[in-house]
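# Per-entry structural report
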Amino acid sequence: MSTVRKPIGVFDSGIGGLTLVKALVEELPSESVVYFGDTARVPYGTKSKSTIVRFSLENVKFLLRFDVKCIVVACNTSSSWALPTLRKYFKVPIIGVIRPGAMAASRRTRNKKVGVIGTRATVESRAYETAIARIDPAIAVSSQSCPLFVPLVEAGWLNGSVCRLVTEQYLDPLNQQGIDTLILGCTHYPLLASTVGQVMGDGVALIDSAKETVAEVRGMLMSQDLLCDQHAKPRYRFFVTDEADHFTQLGEQFLGRSIRSVERVNYR
């Protein structure tokens, strides 16, 4: 297989990375994708840095079995803690979601007050604060961990009174900070965008890091002459480490299209 026709590898702690796959399919419709969701060990956001790095290394090794031409770390937690290690140990181009999201928020904010919501590990890493400070040190960043959001999404509780109540509890401090831009710092969170938008109000722009990352993937592929021919027929493969039926059912909501098959693997 020519390098151009090789697939793009994507991994996430669970099902949330499918928001990024959806953006890939929409923006780069000729590209094949191999998706790996570590559903047996989700969420990563409650784990230690060393565990997150170890899981991320294992995920990349799994994707390399499919001779991928690049890897997208859809997980914000892994991007926050593991990206430098991954780039050190592997030659394949590896793209994270932090920098694209930070750049988009820096462009969008008008009052230079940006909020970030993410897992505990992502927030504690201060990865978004660091990335935004490099772009514009004048921007004030307020962060809030939302540990219940991932379980809500994985369970399919994307709206309703419980979802609304939890969202209000988490986001009230950010509303009080007067932010005008909010980074959805976890690939699961765009599924809650409707509720988040209602709680934050029309004056707050929501930044989906997953969508922003796809633009960076396109740029990297173009710069290295790896962009697939527009007439190529893509192939999509999905792998998980836990029960596949739930992933398939909820995953079709994420993608807005049917998933033909999901393979369960024990890759360790």
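Our subject is the structure that appears above.
Definitions and cut-offs
- Residues numbered from 1 in each chain as written.
- Predicted model: local features only at pLDDT ≥ 70, side-chain atom pairs only at ≥ 80, totals over all residues.
- Heavy atoms only, no water.
- Helix = DSSP H or I, 4+ residues; strand = E, 2+ residues; numbered from the N terminus.
- Rg over C-alpha atoms; globule rule 2.2 N^0.38 Å.
- Buried < 20%, exposed > 50% of the residue type's maximum accessible area, 1.4 Å probe, protein only.
- Contact = heavy atoms within 4.5 Å.
- Phe/Tyr/Trp six-rings, centres within 6.5 Å; stacked < 30°, edge-to-face > 60°.
- Lys NZ or Arg CZ within 6 Å of the ring centre and 35° of its normal.
- Axes fitted to C-alpha atoms, helices over the stretch in contact; angles between N-to-C directions.
- Parallel < 35°, antiparallel > 145°, perpendicular 65-115°, else oblique.
- Left-handed = near helix turned anticlockwise from the far one by under 90°.
- Nonpolar A, V, L, I, M, F, W, Y, C, P; charged D, E, K, R; others polar.
- Pairing = 2+ DSSP bridges.
- Polar contact = N/O pair within 3.5 Å; in protein donor to acceptor, adjacent residues only side chain to side chain.

## A short note on the overall build of the chain
Helix and strand counts for the chain stand at 12 helices and 10 strands. Computed over C-alpha atoms, the radius of gyration of the chain comes to 18 Å, within 12% of the 18 Å expected from 2.2 N^0.38 for 268 residues, which places it in the range of a compact globule. Each principal axis of the C-alpha distribution contributes one length, and for the chain these read about 55 × 40 × 40 Å. In the chain, which comprises 268 residues, the proportion classed as buried is 58%. Expressed as a percentage of contacts within the chain between residues at least 6 apart in sequence, the contacts between residues at least 24 apart total 77%.

## Brief notes about the packing of aromatic side chains
Remark: the centre distance and the inter-plane angle together describe each pair of aromatic rings, the angle taken between the planes. This structure, assessed with the given rule, holds nine aromatic pairs. Between the aromatic rings of Phe36 and Phe62, the centroid separation amounts to 4.7 Å while the plane-to-plane angle is 40°, which identifies the pairing as tilted. Residue Phe36 is found in strand 2 (residues 33-37), and its partner Phe62 is found in helix 2 (residues 49-64); the two are separated by 26 residues along the sequence. On the basis of relative accessible area, Phe62 is assigned to the buried category, the value being 2%. An aromatic cluster of at least three residues, connected via ring pairs, comprises Phe36, Phe62, Phe66 and Phe239. Here the basic side chain of Arg41 rests over the ring of Phe55, its NZ or CZ set 3.5 Å away from the ring centre.

## Description of the packing of helix 5 (residues 98-108) against helix 7 (residues 127-135)
As a packed pair, helix 5 and helix 7 sit with axes 9 Å apart at the nearest point and diverge in direction by 55°. With respect to their mutual orientation, helix 5 and helix 7 come out oblique. As helix 5 runs across helix 7, the sense of the crossing is right-handed. Across the interface between the two elements, Ile98, Gly101, Ala102, Met103 and Ser106 from helix 5 touch Ala127, Tyr128, Ala131, Ile132 and Ile135 from helix 7. Of the residues assigned to the contact of helix 5 with helix 7, the class counts are eight nonpolar, two polar and no charged.

## Quick word on the sheet that holds strand 5 (residues 113-118)
Strand order across the open sheet formed by four strands is 6-5-7-8, with parallel pairing between neighbours. Only two strands of the sheet have a single neighbouring strand rather than two, namely strand 6 (140-145) and strand 8 (205-208). The average angle at which neighbouring strand axes cross in this sheet is 25°, direction not considered. Bridge analysis of strand 5 against strand 6 gives six bridges, and the strand direction is parallel.

## Describing the side chain of His188
Counting through the fold element by element, His188 comes out in the loop between strand 7 (181-184) and helix 10 (193-200). His188 gets classed as buried once you look at its relative accessible area, which sits at 1%. A polar contact is formed between the side chain of His188 and the side chain of Glu154, at a distance of 2.6 Å. In contact with His188, not counting residues within four places along its chain, are Asp12, Ser13, Ile15, Gly16, Val150, Val153 and Glu154.

## A look at unusual backbone geometry
Residues other than glycine predominantly adopt negative phi, and peptide bonds predominantly adopt the trans conformation. The step from Val42 to Pro43 runs through a cis peptide bond, and the omega angle for that step is 0°. Relative to the assigned elements, Pro43 resides in the loop between strand 2 and helix 2. Non-glycine residue Asp67 carries a positive phi angle of around 55°. Locating Asp67 in the fold gives a position in the loop between helix 2 and strand 3 (70-73). Even without glycine at this site, Lys112 takes up a positive phi of about 60°. Counting through the fold element by element, Lys112 comes out in the loop between helix 5 and strand 5.

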